[in-house]
Amino acid sequence: MAHEPGLALALAQVGRGLAAAGYPDRAMAPTEQAVGIFWRLTATQPGQYETGLALALNNLGIFSWQLRRLSDAVAAQARAIEFTRRGLAAGPPAGSLLARAFVLDESELAQCLGNLSVLLWASRRREEAVTALQEAVATARRLAAVAPAAQESVLADLASRLVTYLGRLQR
């Protein structure tokens, strides 16, 4: 249906707003609905809404983490990375203005990988956490070389976390 992309976006924004207000439990339902709608849209219109799905899954992973649902958080974050990679590989979507609103860049990939590293570390999957974080740092480093003012703080945060993880693993 023509209204579904706008509805999914609105639901995702409601979820983010509720979580930002301190209600991650109440953020789950609209975020899960947004994921479901984006999932259907992606199945019927590949290349158009994968980035919206990636962003909604990223939020779902964060909210699941806040609710201490670690395995759900890891699964959602891993899927967010999968769809972020697809969206980046496909390039900006053609089609409706709303579809084009979901343009990703590599900073979202670095963010998702950084989020996944925290979740994997908390799951005691240390080596996987380091691998995800190394990719996040490499991505942030590339971005900081092009846009230092916008990306150096992100790179610093990710690199600091990587040093901490490697230190804890005595590497």
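Residues numbered from 1 in each chain as written. Predicted model: local features only at pLDDT ≥ 70, side-chain atom pairs only at ≥ 80, totals over all residues. Heavy atoms only, no water.

1. Comments concerning the overall build of the protein chain
Reasoning step 1: Counting its secondary structure elements, the protein chain contains eight helices and zero strands.
Reasoning step 2: From first element to last, N terminus to C terminus, the protein chain shows the α and β order α-α-α-α-α-α-α-α.
Reasoning step 3: Summarising its shape, the C-alpha atoms of the protein chain cover approximately 55 × 35 × 25 Å along the three principal directions.
Reasoning step 4: A burial count over the protein chain gives 43% of its 171 residues as buried.
Reasoning step 5: In the protein chain, the share of contacts with a sequence separation of at least 24, taken over all contacts with a separation of at least 6, comes to 64%. (Helix = DSSP H or I, 4+ residues; strand = E, 2+ residues; numbered from the N terminus. Buried < 20%, exposed > 50% of the residue type's maximum accessible area, 1.4 Å probe, protein only. Contact = heavy atoms within 4.5 Å.)

2. Some remarks on helix H7 (residues 126–146)
Reasoning step 1: With 21 residues, H7 extends 31 Å from end C-alpha to end C-alpha; this agrees with the ideal 30 Å at 1.5 Å per step.
Reasoning step 2: Buried within H7 are the following residues: Ala129, Val130, Ala132, Leu133, Ala136, Val137, Thr139, Ala140, Leu143 and Ala144.
Reasoning step 3: For H7, the elements touching its buried residues are helix H6 (106–122) and helix H8 (148–168). (Expected span 1.5 Å × (residues − 1).)

3. Brief notes about the side chain of Thr139
Reasoning step 1: In this structure, Thr139 sits in helix H7.
Reasoning step 2: Among residues more than four places away in sequence, those in contact with Thr139 are Glu106 and Ala110.

4. A closer look at the packing of aromatic side chains
Reasoning step 1: Across all of its chains, the model carries two aromatic pairs by this definition.
Reasoning step 2: Above the ring of Tyr23, the side-chain terminus of Arg26 is found at 4.6 Å from the ring centroid. (Phe/Tyr/Trp six-rings, centres within 6.5 Å; stacked < 30°, edge-to-face > 60°. Lys NZ or Arg CZ within 6 Å of the ring centre and 35° of its normal.)

5. Regarding the environment of Gln151
Reasoning step 1: Residue position: Gln151 is located in helix H8.
Reasoning step 2: Taking the relative accessible area as the measure of exposure, Gln151 reaches 14% and is therefore buried.
Reasoning step 3: Each C-alpha atom of the pair Gln151 and Asp25 lies 31 Å from the other, and the pair is 126 residues apart in sequence.
Reasoning step 4: With near-sequence residues (within four places) excluded, Gln151 lies in contact with Ser107, Leu143 and Ala144.

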